[in-house]
Amino acid sequence: MLTKMLTSALIAGAAAGLIAALLQLFFVQPVLLHAELYEGGERTHFAAASGHDHGAGAAEGHDHAAPAEGHDHAAPVEALAAEGHAAPGIGFDAPRDGLSILFSIVVYSGYGLLLVAAFALSEARGHTVSAREGLLWGVAGFVAVQMAPAFGLAPELPGMAAADINARALWWIMTVLLSAGGLWLVAFGRNWTVWALALVMLALPHVVGAPHPADFTGPTPPELAAQFAGRALGVGLAAWAVLGLFATTLWTRARAA
Amino acid sequence: MTTATRAAGTASVSYGNIAIVALIGAILIFTAGLAQSEALHDAAHDVRHATGFPCH
């Protein structure tokens, strides 16, 4: 049964991860690359695939608070995008985008394993998962690991001002755990005491509040950041819907075999 | 592996196996999404941003 769980989860995770990666590369990556132009002049985060001279550019490049000079923020987005695509290092980047596809598959395989573990846990407690529940499980997973954290910490563009990484990672993990637990209690709770506890768990991370920097001094245009956040969440929802449908379908078949 | 019996067509999975699968999943997510090693950060950079993980 362990093998059936692993294969169901990994096949569904790989499929969802691949779809997520393709959607990201098409819809999200252009916004991210565009933002990197603002992040600090010529600096890119991806040292391995970059042709830029990091030694010379490091001093200015690491100053995230420096205003992006030479870009007119009031210019139409289309004009800036065209300018961005013409800049050196922008375009399809095989090593960089290949790694993105690989890591997207790893991330969604991890989500798939947690999802199938949740299927099995619900079945150990008397529920029977059906293939038609896939969308519901997928949307719940999306809310737990992407929507709920994004409510406090919106998906960040490179260069955005942010609080300490450890504080944000801790808040992210606590939010995911509390949200997943809260959604579980909403779905499987049977009385108002449990549902009240679920509401507290869902609300708590946002009542406490995510860590934010004292000043918002990033060089990234808010238009790009808003587009990035919306697209990242949209791609996440699509990928999680696929993950939920594939995982329930594969799991119910493997279970019956 | 398990002592529980389920209705026809429903699998029975031990809590141990559930924990193993969940642990592997958590390790994958931590490695790709949250681990702060320089190499992992660079390789997973775009996915971390696009998937909403806190990143640098």
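Owing to the predicted nature of the structure, the values given are computational and were not obtained by experimental measurement.

Enquirer: Before we go on, may I ask you to explain the overall build of chain B in this structure?
Expert: When you go through chain B residue by residue, the secondary structure sums to 2 helices and 0 strands. A burial count over chain B gives 50% of its 56 residues as buried. Carbon and sulfur atoms form 68% of the exposed surface of chain B, whose accessible area is close to 2500 Å².

Enquirer: Looking at this structure, I do not really get the interface of chain A and chain B. What am I missing?
Expert: A common way to express how large an interface is: the accessible area buried when the components associate. The partner chain B presents 36 residues to the 48 residues of chain A that form the contact. Where chain A abuts chain B, roughly 3800 Å² becomes buried across the two surfaces, and 70% of that area is made up of carbon and sulfur atoms. Run the count over chain A and chain B and you get 1 salt bridge. Ionic pairing is found between A:Arg96 and B:Asp46, a salt bridge with its closest N-O pair at 2.6 Å. One can count 5 residue pairs in polar contact (both at pLDDT 80 or more) joining chain A with chain B. Elements with a contribution of two residues or more to the side of chain A that touches chain B: helix H1 (2-39), helix H4 (94-124), helix H6 (165-188) and helix H8 (222-256) of chain A. Sort the elements by how many residues they give to the side of chain A that touches chain B and H4(A) lands first, with 18 residues.

Enquirer: Is there a simple way to think about the packing of helix H1 (residues 15-34) of chain B against helix H2 (residues 38-51) of chain B in this case?
Expert: If you want to describe how two helices pack, look at the angle between their axes and the distance between the axes. All names here are of chain B. Following both chains from N to C, one finds H1 and H2 inclined at 95°, their axes separated by 7 Å at the closest point. Between H1 and H2, the interaxial angle falls into the category roughly perpendicular. Contacts between H1 and H2 involve Thr31, Ala32, Gly33 and Leu34 from the first element and Leu40, Ala44 and Arg48 from the second.

Enquirer: I'm lost on the environment of A:Ile105 in this one. Help?
Expert: All names here are of chain A. Mapping Ile105 onto the fold places it in helix H4. The spatial distance from the C-alpha of Ile105 to the C-alpha of Ala20 is 8.3 Å, given a sequence separation of 85 residues. Apart from the residues within four sequence positions on either side, Ile105 is in contact with Gly13, Ala14, Gly17 and Leu18.

Enquirer: Before we go on, may I ask you to explain H2(B) in this structure?
Expert: Because the α-helix completes a turn every 3.6 residues, residues three or four places apart line up on one side. All names here are of chain B. Under the 1.5 Å per step criterion, the end-to-end length of H2 is 19 Å for 14 residues, consistent within 8% with the ideal 20 Å. Considering bend angle alone, the principal kink of H2 is centred on Ala44 and spans about 65°. Where burial is concerned, most of H2 is hidden: 11 out of the 14 residues are buried. For H2, the complete set of buried residues consists of His41, Asp42, Ala43, Ala44, His45, Asp46, Val47, Arg48, His49, Ala50 and Thr51.

Enquirer: Looking at this structure, how should I read the nonpolar core?
Expert: Nonpolar side chains tend toward joint burial in soluble globular proteins. In terms of nonpolar packing, the biggest core is built from 42 residues, with A:Met5, A:Tyr108, A:Tyr111, A:Phe119, A:Trp240 and A:Leu243 touching the most fellow members. Put simply, the parts of the chain that give this core at least two residues each are H1, H4, helix H5 (134-152), H6 and H8 of chain A together with H1 and H2 of chain B. Take this core: its biggest share by element is 11 residues, from H4(A). Contact partners of A:Met5, with chain neighbours within four places excluded, come to A:Val116, A:Ala117, A:Ala120, A:Trp251, B:Val13, B:Asn17, B:Ile18 and B:Val21. Counting residues in hydrophobic clusters, the runner-up holds 11 residues, among them A:Leu32, A:Tyr38, A:Ala225 and A:Val235.

Enquirer: So what exactly am I meant to see when it comes to the layout of surface pockets here?
Expert: The gaps of empty space that remain are located by a probe, the size of a water molecule, rolled over the atoms. For the largest pocket, the calculated volume is near 990 Å³. In this structure, the largest pocket is lined by 32 residues; those nearest its centre are A:Leu114, A:Ala118, A:Ala144, A:Ala180 and A:Trp184. Of all the elements in the fold, those that place two or more residues in the lining of the largest pocket are H4, H5 and H6 of chain A together with H1 of chain B. The greatest single-element share of the lining of the largest pocket, amounting to 11 residues, is contributed by H6(A). Taken together, the residues of the lining of the largest pocket sort by class into 28 nonpolar, 3 polar and 1 charged.

Enquirer: Please explain the pattern of salt bridges as it appears in this structure.
Expert: Where side chains of opposite charge bring their charged atoms close, a pairing between them can arise. Inspection of the entire model under this criterion finds 4 salt bridges over all chains. Overlapping salt bridges, with partners in common, bring together A:Glu36, A:Arg96 and B:Asp46 in one network.

What counts, and at which threshold
- Residues numbered from 1 in each chain as written.
- Chains lettered and ligands numbered in written order.
- Predicted model: local features only at pLDDT ≥ 70, side-chain atom pairs only at ≥ 80, totals over all residues.
- Heavy atoms only, no water.
- Helix = DSSP H or I, 4+ residues; strand = E, 2+ residues; numbered from the N terminus.
- Buried < 20%, exposed > 50% of the residue type's maximum accessible area, 1.4 Å probe, protein only.
- Areas by Shrake-Rupley, 256 points an atom, 1.4 Å probe, with all protein chains shown as cover.
- Contact = heavy atoms within 4.5 Å.
- Buried area = accessible area lost by both parts, 1.4 Å probe.
- Salt bridge = Lys/Arg side-chain N within 4 Å of Asp/Glu carboxyl O.
- Polar contact = N/O pair within 3.5 Å; in protein donor to acceptor, adjacent residues only side chain to side chain.
- Axes fitted to C-alpha atoms, helices over the stretch in contact; angles between N-to-C directions.
- Parallel < 35°, antiparallel > 145°, perpendicular 65-115°, else oblique.
- Expected span 1.5 Å × (residues − 1).
- Bend = angle between axes of the 7 residues up to and from the residue.
- Core = buried A, V, L, I, M, F, W, Y, C linked by side-chain atoms within 4.5 Å.
- 1 Å grid on protein atoms, 1.4 Å probe; cavity = no way out; pocket = protein on both sides within 12 Å on 5 of 7 lines; lining within 4 Å.
- Points joined across faces, edges and corners; volume = space filled by probe spheres on them.
- Nonpolar A, V, L, I, M, F, W, Y, C, P; charged D, E, K, R; others polar.

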